[in-house]
Amino acid sequence: MNYTGIKGFCEQKQVTLVAVSKTQPIDKINILYKSGQRIFGENRPQELLSKIPQMPIDCIWHIIGNLQSNKVKSILPFVDLIHSVSSLKLFQEITKQAEILGIQAKVLLQVHIAEEESKSGFEVEELLEYINNKQLIENKSISINGLMGMATFTENTDQIRSEFKGLNELFVKIQNLKVYNNFNTLSMGMSGDYQIAIEEGATMVRIGSLLFQ
Ligand SMILES: *Cc1c(COP(=O)(O)O)cnc(C)c1O
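Presented here is an overview of the structure given in this document. Because the structure is predicted, anything quoted here is derived from the model rather than measured. (Residues numbered from 1 in each chain as written. Predicted model: local features only at pLDDT ≥ 70, side-chain atom pairs only at ≥ 80, totals over all residues. Heavy atoms only, no water.)

## Structural notes on the side chain of Glu-42
Note the cut-off: Secondary structure elements are defined from DSSP: runs of H or I of at least 4 residues count as helices, runs of E of at least 2 residues count as strands, and each element is numbered from the N terminus. Whether a residue is buried, partly exposed or exposed follows from its accessible area with a 1.4 Å probe, protein chains only, as a fraction of its type maximum: under 20%, in between, or over 50%, in that order. Polar contacts, as counted here, are pairs of nitrogen or oxygen atoms within 3.5 Å of one another; within protein the pair requires one atom able to donate a hydrogen and one able to accept it, and residues that are adjacent in sequence qualify only if both atoms are side-chain atoms. Residue contacts are defined here by distance: any two heavy atoms, one from each residue, within 4.5 Å place the two residues in contact.
Considering the arrangement of structural elements, one finds Glu-42 in strand S2 (residues 39-42). Among the residues examined, Glu-42 registers a relative accessible area of 0% and is labelled buried. One polar contact links the side chain of Glu-42 to the main-chain amide nitrogen of Lys-22, over a distance of 3.5 Å. Residues contacting Glu-42, with those up to four places away along its chain left out, are Ser-21, Lys-22, Glu-47, Leu-48, Lys-51, Trp-61, His-62, Ile-63, Ile-64 and Gly-65.

Structure below.
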């Protein structure tokens with residue numbers, strides 16, 4: 001496994017490493033746990049809920065993938081950060097369920113930066129409009145901690161770099177609006193492009209296949 005090298009690289013750059021454990025069996029996830037990894041990313045609620053009781057209680061769980069509104073209620077008590085808020089509807093449902101639970105949900109807003117239409121996220125203009133219109137506001141039930149994005153799946157590193165650069169520019173722009181209290185996480189970069197993402201300002205990377213090879 002490549003874990004130690006990647007972990008060291010991230011630490012040196014002061015970037016938080018989320019080990020994407022989706023589809024991985026518990027024994028493999030445990031190897032990373034024993035090497036010191038605590039933050040794990042999952043994308044399916046069902047899989048997340050079945051893994052949590054099988055892992056030590058000090059694991060920190062993130063939801064990184066498309067989340068359906070009707071699944072929010074079941075996972076919210078167990079997750080530390082939701083990376084993938086990509087619609088107003090989902091934002092509102094998380095706020096509502098967090099209020100019922102009496103917790104403050106931490107979320108990232110997912111932005112559509114890739115070429116592929118299949119990748120989700122707010123469009124840049126749409127997001128700025130929602131922020132301007134106060135449709136994405138924080139309160140005691142929800143904290144907007146930053147942005148997440150996925151680059152196009154391509155060999156063209158110039159394109160990947162320019163997509164990450166654009167997301168970082170948007171991140172800084174929103175930070176400068178000073179409407180959010182803890183807007184300091186920029187989640188971008190996966191197995192194939194995390195080094196470019198870090199060069200372009202990622203504060204958090206989500207790496208799966210490369211760690212579990
Ligand atoms: C699967 C996934 C990752 C990790 O992908 P790898 O290429 O295996 O590193 C990161 N982010 C999201 C949203 C994912 O769904």
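## Points about the pattern of salt bridges
Our working rule: Each salt bridge in this description consists of a side-chain nitrogen of Lys or Arg and a carboxyl oxygen of Asp or Glu lying within 4 Å of one another.
Applying the stated criterion to the full structure yields 9 salt bridges. Lys-51 is the salt-bridge partner of Glu-47, the closest N and O atoms lying 2.7 Å from each other. One end of the pair is Glu-47 and the other is Lys-51, both in helix H3 (residues 45-51) and 4 residues apart, which spans about a single turn. We note a salt bridge from Glu-200 to Arg-161, for which the minimum N-O separation is 2.8 Å. Taken as a pair, Glu-200 in the loop between helix H8 (194-199) and strand S8 (204-207) and Arg-161 in helix H7 (residues 157-177) lie far apart in primary sequence, 39 residues in all.

## Quick word on the state of the cysteines
We count it as follows: Criterion for a disulfide: a pair of cysteine sulfur atoms within 2.5 Å.
All told, the structure shown has 0 disulfides when counted by the stated rule. Lacking any disulfide linkage, Cys-10 is separated from the closest cysteine sulfur, that of Cys-59, by 18 Å.

## Topic: helix H6 (residues 124-132)
This is how the line gets drawn: What the arc measures is the spread of directions leading from the helix axis to the C-beta atoms.
Those residues of H6 that sit buried are Leu-127, Leu-128, Tyr-130 and Ile-131. Along the axis of H6, the buried positions cluster into a sector of 160°, meaning they face one direction only. Of the exposed residues in H6, the ones pointing more than 90 degrees away from its buried face are Glu-125 and Asn-132. Check the buried side of H6 and you find it contacts helix H5 (88-101), strand S5 (105-111), strand S6 (142-149) and H7. Looking one or two residues beyond H6, the residue adopting positive phi is Lys-134, at roughly 60°.

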